[in-house]
Structures are given as C-alpha cells and as structure tokens.
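# A look at the structure
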Amino acid sequence: MSRKSLYEIIKNANDKDKLADRFLNDFIYTIETLDEHEQKKPSKAFHPSNLNCDRSSVLEVMGANIDGNKKTHNLISICRNGTSTHLMVQEYVSKMASLGLNWVFEDVAKYVAENNIPLKIASNMNIDSGVYETKIVSEEYNIRGLCDGLLSYKDKDGNKKYVLLEIKTINSRQYYKMNDILPKHRVQAVSYCSLLQVDAVIFLYVERDLLNKKTFYYKPTKTEKSAWKKRMTFLNDCVKNNIIPEKPAGINCQYCEYKKLCKKLGEGKLKYEPSKEL
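Fair warning: this is a prediction, and the values are worked out from it, not measured in the lab.

Calculation rules
Residues numbered from 1 in each chain as written. Predicted model: local features only at pLDDT ≥ 70, side-chain atom pairs only at ≥ 80, totals over all residues. Heavy atoms only, no water. Phe/Tyr/Trp six-rings, centres within 6.5 Å; stacked < 30°, edge-to-face > 60°. Helix = DSSP H or I, 4+ residues; strand = E, 2+ residues; numbered from the N terminus. Buried < 20%, exposed > 50% of the residue type's maximum accessible area, 1.4 Å probe, protein only. Pairing = 2+ DSSP bridges. Salt bridge = Lys/Arg side-chain N within 4 Å of Asp/Glu carboxyl O.

## Examining the packing of aromatic side chains
Geometry of an aromatic ring pair is reported as the spacing of the ring centres plus the angle between the planes. Enumeration according to the criterion identifies eight aromatic pairs in this entry. Between Phe 23 and Phe 27, the aromatic rings sit 6.1 Å apart at their centres with planes inclined by 5°, giving stacked as the arrangement. In this pair, Phe 23 and Phe 27 are both assigned in helix α1 (residues 3-38), four residues apart and thus about one turn of the helix distant. A relative accessible area of 44% places Phe 27 in the partly exposed class. For the ring pair Tyr 205 and Phe 216, a centre distance of 5.9 Å and an interplane angle of 70° mean the geometry is edge-to-face.

Quick look at the structure:
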C-alpha cells in the first residue's frame, strides 16, 4: 500500500470521527437549548417534592431569582427518563384491574368530590390520552402537587381501601443499599396523605440501569401529620411576612437552585429584601 493510500484511509477515518463528534455536540446543544426555552417560571406555591428545606421552599414561593446555572444534558436526560418511567409504570398499573387483580387506578377528581376534600383539581388524569397524573391544589396551604396515582383495593373483609402510589427512579448504588423509603421522601408522603386524606403510600422505586423494582409501604403517624400542618402554617407565615427562615442543618444542597443566593443571605433568619440578591 502506498503512503498516499494510507494517508487517505487515515484522513477519511478522521473525517468520519469529526462528523460523529459534530453530531454529538449538536445533539447535546439541542437538549440543553430546548430545555432552557421550556423552563417554566415558579408557580409561587409550595410543592410536596420540594419541602425538605424550609428556606428554598420559601424562596421559591417568594419568587426569588434562581442561581441561573444551566442544566447539563445529563441531568435533563435523567429527568426525562424519570418521566418516561412514570408513564410506563402508570400505564401498567392502570391495567391491573382488567386482569382481575385487586387494584383499581382511581379517578382522583371523582374521589376528591365524593369525599368533600378541600382541594382544587388543576388538571385531571385522562387515561385514554395517556395522562395518569392529577394536579391538585390546596388553597388553604398554598401547595400544588402531582399525584402519581390513587389506588383502591378490597381488604380481607371486602371493604374498599385507598392507598397512594408514589413512583421514584434512583441510581443503582442507592437502589441496592436501600431497605426503606429514602428519608427525603417522607415529607412528600406526609404531604399527599394529609392533602388527600389517605392513610398510606406505596412507594415504587425503579432502578435506572436495569429497571429493577422495590416497593415500600409508608403510613404517616398522626404526629407527623400534625407537625406537617404546623410547618405549612409556619412557611406561609414566612412568605406573608417576608421572612426567610434559617438555613437548616444537614441538608444536601447539591441540586438546590438557590445555593448561591442562600450563601449571600447568610444562615440566620432574616427579612427578605430582593436587593440582596444582587
């Protein structure tokens, strides 16, 4: 083989690699750019999934500016995969009753209306359209949430019982270590049980790599529910009086959108002044 022929082979291989690299870079750019355009403004309401930190919860409801860090394509893809897993699980769960199994995927709006529960339905599930979540709103506590599923079943005496379904996707390292629900998910369970007046939650954890699954049953105590109500009153009072609560100890701030702002504000309780964001 001549030196020229060898050079052409190497050049062609390099050109193909460059084309593949260009595609990958453009693909990543598309993910990050479209996500940035699709980001919604905070609703200025509390959310069950974001209640682990009093300070970040209050800052969000106050409409404080987030740090502005651009999400990476990895994090965006993890979130999108989580959404897809939710839909897959909910679709199968909604069909369990058709196989004669003792699980019914209930209409949350109908349940709320029949039981006179003080919630508004922002948007209801529509199984025929592939929508399984229900957006609920509590004006009393200024909290909005997405209910993954409300299930009913018959107990051994034939009585109809309700339990909430909460779906979580986690990495394999966490998955294989866990033997109970993750502590950060407890407040979410207490929130939904309190809002929907349901006794317990079944957590379904799905491992991201091989989609292995674990379930845990969690029933909040009366003490937890009472503490939750007091805490929601406290958080709403903070917003009403423009007060930022103290930074709690032992909180994982890795993915917090107010990490930089929180550092500028200091750790103690203080009045909220937007000028301090600058």
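## Here we look at the pairing of strand β6 (residues 160-170)
Across the eleven residues of β6, eight count as buried, placing the element largely inside the fold. Following strand β5 (residues 149-154), the chain reverses through five residues before pairing antiparallel with β6; Gly 158 in that reversal takes a positive phi of roughly 85°. In the sheet, β6 pairs with strand β7 (residues 201-207) via seven bridges, with the strands oriented parallel. Bridging across to β7, Thr 169 finds its partner in Val 206.

## Details of the pattern of salt bridges
Tallying each qualifying case throughout the model produces five salt bridges. A salt bridge links Asp 54 to Arg 231, with the nearest nitrogen and oxygen atoms 2.6 Å apart. Here Asp 54 is found in helix α2 (residues 54-62), whereas its partner Arg 231 is found in helix α7 (residues 222-240), with 177 residues between them in sequence. Ionic pairing is found between Glu 139 and Lys 120, a salt bridge with its closest N-O pair at 2.8 Å. Placement of Glu 139 in the loop between β3 (134-138) and β4 (143-147) and of Lys 120 in strand β2 (residues 120-123) is noted, with a sequence separation of 19 residues between them. By the burial criterion, Glu 139 is exposed, and Lys 120 matches it.

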